[in-house]
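Structural description and commentary
So you can see what is in the structure, the chains are spelled out below.
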Amino acid sequence: MLFSVIVPIYNVERYLRKCVESMLNQTCRDFELILVDDGSTDGCPMMCDAFANTETRIRVIHKPNGGLVSARQEGVKVAKGEYCICVDGDDWVEPLYLEKIKQIIERYQPDIVYCGYYVGNEQDKSEHASMEFNGYFDRSNIESRLFPILIQSRNADYLSPNVWAKAFRMSLYSDIQLSVDPRIKIGEDGACTIPCVYKANSIYFTDEPLYNYRINNESMTREKRPFDWNGPRLIAEHLSHRLDVSQFDFKEQLWRKTVHEVFSVAVSRFYQDRPYKEIRNEIIGNLNSEPYYSAIKNARFEKALSAKIMHAALKHRWIRLIQLWSKRR
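Anyway, here's the lowdown on the structure attached to this text. (Residues numbered from 1 in each chain as written. Predicted model: local features only at pLDDT ≥ 70, side-chain atom pairs only at ≥ 80, totals over all residues. Heavy atoms only, no water.)

**Here we look at the overall build of the protein chain**
A count of helical and extended segments in the protein chain gives 13 helices and ten strands. Expected size for 329 residues packed as a compact globule is a radius of gyration near 20 Å; at 20 Å, the protein chain falls within 12% of this value. Viewed in the frame of its principal axes, the protein chain has a C-alpha envelope of about 60 × 45 × 35 Å. Residue burial in the protein chain is summarised as follows: out of 329 residues, 56% are buried. Here the protein chain displays about 14,700 Å² of accessible surface, and carbon together with sulfur accounts for 47% of that area. Positive and negative charge centroids in the protein chain, built from 45 and 44 side chains respectively, lie 7 Å apart. (Helix = DSSP H or I, 4+ residues; strand = E, 2+ residues; numbered from the N terminus. Rg over C-alpha atoms; globule rule 2.2 N^0.38 Å. Buried < 20%, exposed > 50% of the residue type's maximum accessible area, 1.4 Å probe, protein only. Areas by Shrake-Rupley, 256 points an atom, 1.4 Å probe, with all protein chains shown as cover. Lys, Arg positive; Asp, Glu negative; His and termini not counted. Charge placed at Lys NZ, Arg CZ, Asp CG, Glu CD.)

What follows is the structure, given as structure tokens:
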């Protein structure tokens, strides 16, 4: 079997049928579809079972709610395909999605395939390239052209961290995905994708838009709620274990990524209805803890104005500026 398509599902009843039908309408038939119901409280569990009753290629896993990481991990444990493809339950794919990736695999045998994608909804969507790169990258190209932006460059550029709109060789992907801490709720895609690229011997980039990423205001990443202070720390620890950070400038890149994520957490703390002084003291206390203190102290940014402002706000403890930033969304 060439592809295992893993779909984590949580309360996306409005969009699930389009997602599943977009997979069943693929011109390439060499795949299994693994639907992971992550403790949904709407009609998704029954919909998953109904799909499985009408299509032998569909497998359903029902589990208590644990988040995207745990859902993908349960899917990986039973996957049988040579390549893993992740599709979010509120997204959908183009009819030639698997066929186009199959053609790339047959010709180049890459460890990872990046493809272009649309962002929006059925009525209004915009096209996005996979990156500014195109074509086949061997290990030498990966190190020379991708490693400088693997985590985050001085200009705040970074390689696309999303697991969707990509295909990963299962032997590469499964071990890394299973090693991601399920407690990571924000930035969990990069915790998997970054080590995959680091380990890959070859990658193929195509700009052709084959995936549809839905702008869903009800999704976790767009919901205004406070993020966990442990998230950036868990990601930093995970990447330090999966990458040799003494190589290239990865240590410096990791400091910049940590600063970026810590700023996002600090901003999110103002999404709560709590006294300013209380939130201010909480933020400062966490900024003085490791590894955040060292990351803020050692990170350096160039040209990227927004990143430099974020860094300065953390470094000089400009908490009022962080509060103002929280009102931008």
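**What to know about helix α9 (residues 250-268)**
When the terminal C-alpha atoms of α9 are compared, their 27 Å separation across 19 residues agrees well with the 27 Å that a helix rising 1.5 Å per residue should span. Of all 19 residues that make up α9, 14 are buried, and the element is covered over most of its length. (Expected span 1.5 Å × (residues − 1).)

**Concerning the packing of aromatic side chains**
The way to describe two aromatic rings as a pair is by their centre distance and the angle between their planes. Tallied over the full model, the rule gives 18 aromatic pairs. On the numbers, 5.9 Å between centres and 75 degrees between planes, the contact of Y198 with F250 is edge-to-face. In this pair, Y198 is assigned in helix α7 (residues 188-199) and F250 in helix α9, connecting sequence segments 52 residues apart. By relative accessible area, which is 10% here, Y198 ends up buried. Using a relative accessible area of 0% as the deciding quantity, one classes F250 as buried. Members of the aromatic cluster, each reached through a chain of ring pairs, are Y97, Y117, W164, Y211 and Y213. One residue, K125, lies across the ring of Y118, its end atom 4.2 Å from the ring centre. Above the ring of Y276, the side-chain terminus of R320 is found at 3.6 Å from the ring centroid. (Phe/Tyr/Trp six-rings, centres within 6.5 Å; stacked < 30°, edge-to-face > 60°. Lys NZ or Arg CZ within 6 Å of the ring centre and 35° of its normal.)

**Some thoughts on the environment of A167**
Structurally, the position occupied by A167 is in strand β9 (residues 166-169). The spacing of A167 and Y83 is 84 residues in sequence and 6.3 Å in space, taken between C-alpha atoms. Contacts of A167, omitting those with residues within four sequence positions, involve Y83, C84, I85, I101, D111, I112 and V113. (Contact = heavy atoms within 4.5 Å.)

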